[in-house]
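Residue-level listing of the chains:
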Amino acid sequence: MAQNPRTSETESMPTTGRNSGLTRRNYVRSLAAVATATTALGGVGAAAAEDDYEVIEAQGQTISLEEGETWENKLIDMTTGQDIVVTAHSSDWTIRNVGFKGENTSGTGSATFGISDTGNGTSTVENVYLGDGASTGNTNPNGHGQTAFWVAPDHNGHIDFENVNIQNFSDNAIYGSAPGNKGGGTIHIDSSFAANCYVSHFRLGTEGSKVTNSSVYVDTNEGYVGRGIWAWAPGTVEVEDCQIEMNGQNTAIDAGANGNPTEVVVTDSEYDDGAGIAEHAGSTVKLGDNVGTDPEPVIPSGVPTSPEEAASGGSD
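All figures in this text were calculated on a predicted structure; none of them were measured in a lab.

Here is what the cut-offs are and how they apply
Residues numbered from 1 in each chain as written. Predicted model: local features only at pLDDT ≥ 70, side-chain atom pairs only at ≥ 80, totals over all residues. Heavy atoms only, no water. 1 Å grid on protein atoms, 1.4 Å probe; cavity = no way out; pocket = protein on both sides within 12 Å on 5 of 7 lines; lining within 4 Å. Points joined across faces, edges and corners; volume = space filled by probe spheres on them. Nonpolar A, V, L, I, M, F, W, Y, C, P; charged D, E, K, R; others polar. Pairing = 2+ DSSP bridges. Helix = DSSP H or I, 4+ residues; strand = E, 2+ residues; numbered from the N terminus. Buried < 20%, exposed > 50% of the residue type's maximum accessible area, 1.4 Å probe, protein only. Polar contact = N/O pair within 3.5 Å; in protein donor to acceptor, adjacent residues only side chain to side chain. Phe/Tyr/Trp six-rings, centres within 6.5 Å; stacked < 30°, edge-to-face > 60°. Lys NZ or Arg CZ within 6 Å of the ring centre and 35° of its normal.

Digging into empty space enclosed by the protein
The method is simple in principle: a probe with the dimensions of a water molecule rolls over the atoms, and the space it marks as empty is what remains. Of the voids in this model, the largest cavity is the one considered here, and its volume is about 70 Å³. In terms of lining residues, the largest cavity is bounded by M78, F100, G102, N104, T112, L130, D132, G133 and F169. The residue makeup of the lining of the largest cavity, split by class, is four nonpolar, four polar and one charged.

Things to note about the pairing of strand β7 (residues 122–130)
Sheet topology note: the strand β5 (residues 94–101)/β7 ladder contains five bridges and is parallel. Its bridge partner being in β7, I95 is matched across the sheet by V125.

Overview of the environment of S215
Checked against the element boundaries, S215 lands in strand β14 (residues 215–217). Among the residues examined, S215 registers a relative accessible area of 0% and is labelled buried. Note: C-alpha distance between S215 and H201 (14 residues apart in sequence) is 9.7 Å. Of the polar contacts made by the side chain of S215, one reaches the backbone oxygen of V298; its length is 2.7 Å.

Considering the environment of V85
Mapped onto the secondary structure, V85 falls in strand β4 (residues 84–90). Judged by its relative accessible area of 0%, V85 is buried. Put simply, V85 and S110 are 25 residues apart on the chain and 9.0 Å apart in space, counted from C-alpha to C-alpha.

Focus: the packing of aromatic side chains
Taken as a whole, this structure holds five aromatic pairs when the rule is applied. An angle of 15 degrees between the planes, with centres 4.5 Å apart, marks the rings of F113 and F149 as stacked. Residue F113 is located in strand β6 (residues 111–117), and its partner F149 is located in strand β8 (residues 147–151); the two are separated by 36 residues in the primary sequence. The burial state of F113 is the same as that of F149; both residues are buried. Looking at R203, its charged tip hangs above the ring of Y175, at a distance of 4.0 Å from the centre.

Let's talk about unusual backbone geometry
For the bond running from A233 to P234, omega is 5 degrees, close enough to zero to count as cis. Considering the arrangement of structural elements, one finds P234 in strand β15 (residues 227–240). Here the amide bond leading from G235 into T236 is cis, since omega sits at 5 degrees, within 30 degrees of zero. Phi at N127 takes a positive value of approximately 60 degrees, unusual for a residue other than glycine. Locating N127 in the fold gives a position in strand β7. At S191, a residue that is not glycine, the phi angle is positive and equals roughly 50 degrees.

What to know about the pairing of β8
Consecutive side chains of a regular strand alternate in pointing toward one face of the sheet and then the other. Within β8, five of the five residues are buried, leaving the element largely enclosed by the surrounding structure. Here β6 runs beside β8; their pairing, made up of four bridges, is parallel. By the bridge assignment, I115 is partnered in β8 with V151. In this sheet, strand β10 (residues 174–176) lies alongside β8 in parallel orientation, the contact comprising two bridges. For F149, the partnering residue across the bridge sits in β10 and is I174.

Put into structure tokens, the structure is as follows:
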């Protein structure tokens, strides 16, 4: 089966106004309720599937999108214990209303989505739920596991991420820094939520790329304590109206890597000063207007909180 190559600490190719939604106080209760409500594909979810979305069982297949194609209203059943890979390496494609039910336990250690806009166009990832995560046993030889979204180095267009929910992945949630060393394409992550992933949650590296109206949350009991937002060279990367709660773990905003500097401009955001800011290799994190250190890791309005909600395109 074709895989989406990605690495974690290098970019070399081997062989993701004030947010509204869940506050810090009811975060754990809400996620427990979501887990209880979505433990089975049967009942209401299965009945709704006939009218609202297609159920696809993960069986080791690869689904590839062509230029201009829209892939939407899918519920991916990961309880099979098998893998599924979705690739889109063309232009002006759309991935919309997709929910993944169950942990990724395949052990392939690549990426669930391998994407890029290679035609200088604009592509879209919208209303996707990957909140059930990846198994801790899902590792590849470099010691890391599954990435949710891998943006390939050849990306030269623009990708909009909106209303995406990624939790408990054993590698980066949105790994979008590789185009900084080649294609130079931009990425905008808006109104999205990432929690308890390893390496980093939102990782960008090209000038014009940004994270807005989004939240990152790390619960120390979950075991994955990756960086909040990691900016690679050449940048500049913008962070606006974001909530970054790390509970003192790792780094809230990390700038620069592998001896290469970058710049991060932060405005209208709150970050965990217990985790703090790191500047490597001459990098700079510029704190602009309305930046504080009291984050509330809310799930932004419109972000799906269950696989069925995402697949149907609905909102709780």
